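In case you want the letters, here they are:
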Amino acid sequence: MSIIHVHDKSFQPYLTAEMIKTRIKEIAADINKDYAGKRPVFIAILNGSFIFAADLFKELTVDVEVCFIKLASYKGTRSTGQVITAIGLDTDIFGRDVVVIEDIVDTGKTLSEFLPQLHHQQPSSLKIVTLLHKPEATVFPIPIDYLGFAIPNEFVVGYGLDYDGLGRNIPAIYKLAE
Ligand code: 5GP
C-alpha cells in the first residue's frame, strides 16, 4: 500500500483490509458468545458504519436483527460539534438487547447525545461496538464494550469513513499523511 489522495489531502496506509477482517472475526466471536440464546437488535449509525456493520453482521451466528439511524457531526476533517439526527430509529427497543454499531468514537459527542435517547426507551441491555476509538480525543467518555482498534488522535479515511464524502469505498484504513 502507498500514499493515496482524497480531495486535496494525502493519506498513508494505516490498517490493512486483512487486519480489519481478522479483528472483526474476533469481535464477532465475543458477541456470538455473549448473546448466545438471545436475539439482539443492532443499531448501525450511518453513514460511516455501513461497511463495518455489514462485515461484522456476516460473522454473527446468533439470531440478530439490524436497523439503521443516521447521525452526523463532521464536516471536512473537523467535528462541527453539532449532532444532527437525519434518519431516526423506527424500531421498538423496549425490553430488547441492543448493540449500537459505530465506525469510530472520537470525542464521544455523537454517542453521548444518542445513548440517552436509547436508554429512555428502556432496552433490557445496551452495548456499544465500534471499529475505531481515539482515546486521546475523548471529551465525553463512552463505555465501549467491543473495540476493533484504539488509534492515535489522527484523521482517518477508508472502510466506510470519508473525507468530505469521498474515500468510503477504500477497502483499508488510511491516516492523514504528515
Ligand atoms: P464524535 O462524536 O465521537 O466526536 O465523532 C464520531 C463521528 O465523527 C464518527 O462517527 C465519524 O463519522 C466522525 N469521525 C470522527 N473521527 C473521524 C476520523 O478520523 N475520520 C473520519 N472520516 N470521520 C471521523
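Structure report, in brief. Keep in mind that this is a model prediction, so the values were computed, not measured.

## A closer look at the sheet that holds strand β2 (residues 9-15)
What the four strands build is an open sheet, ordered β1-β2-β10-β9; its pairing is antiparallel. The open sheet is flanked by β1 (4-6) and β9 (156-157), the only strands paired with a single partner. Examined bridge by bridge, β2 and strand β10 (residues 173-176) share four bridges and lie antiparallel to one another. Each residue of the ladder has a partner; that of Q12, found in β10, is K175.

## Examining the packing of aromatic side chains
Under the defined criterion, the tally for this structure stands at four aromatic pairs. For the pair F11 and F155, a centre-to-centre distance of 6.4 Å together with 50 degrees between the ring planes defines the contact as tilted. Highlighted residues: F11 in strand β2 and F155 in the loop between β8 (146-150) and β9, separated in sequence by 144 residues. Plain terms: the ring middles of F155 and Y163 are 6.1 Å apart, the flat faces sit at 75 degrees to each other, and that makes the pair edge-to-face. Put simply, the rings of F11, F155 and Y163 pair up and form one aromatic cluster.

Procedures and definitions
- Residues numbered from 1 in each chain as written.
- Predicted model: local features only at pLDDT ≥ 70, side-chain atom pairs only at ≥ 80, totals over all residues.
- Heavy atoms only, no water.
- Pairing = 2+ DSSP bridges.
- Helix = DSSP H or I, 4+ residues; strand = E, 2+ residues; numbered from the N terminus.
- Phe/Tyr/Trp six-rings, centres within 6.5 Å; stacked < 30°, edge-to-face > 60°.

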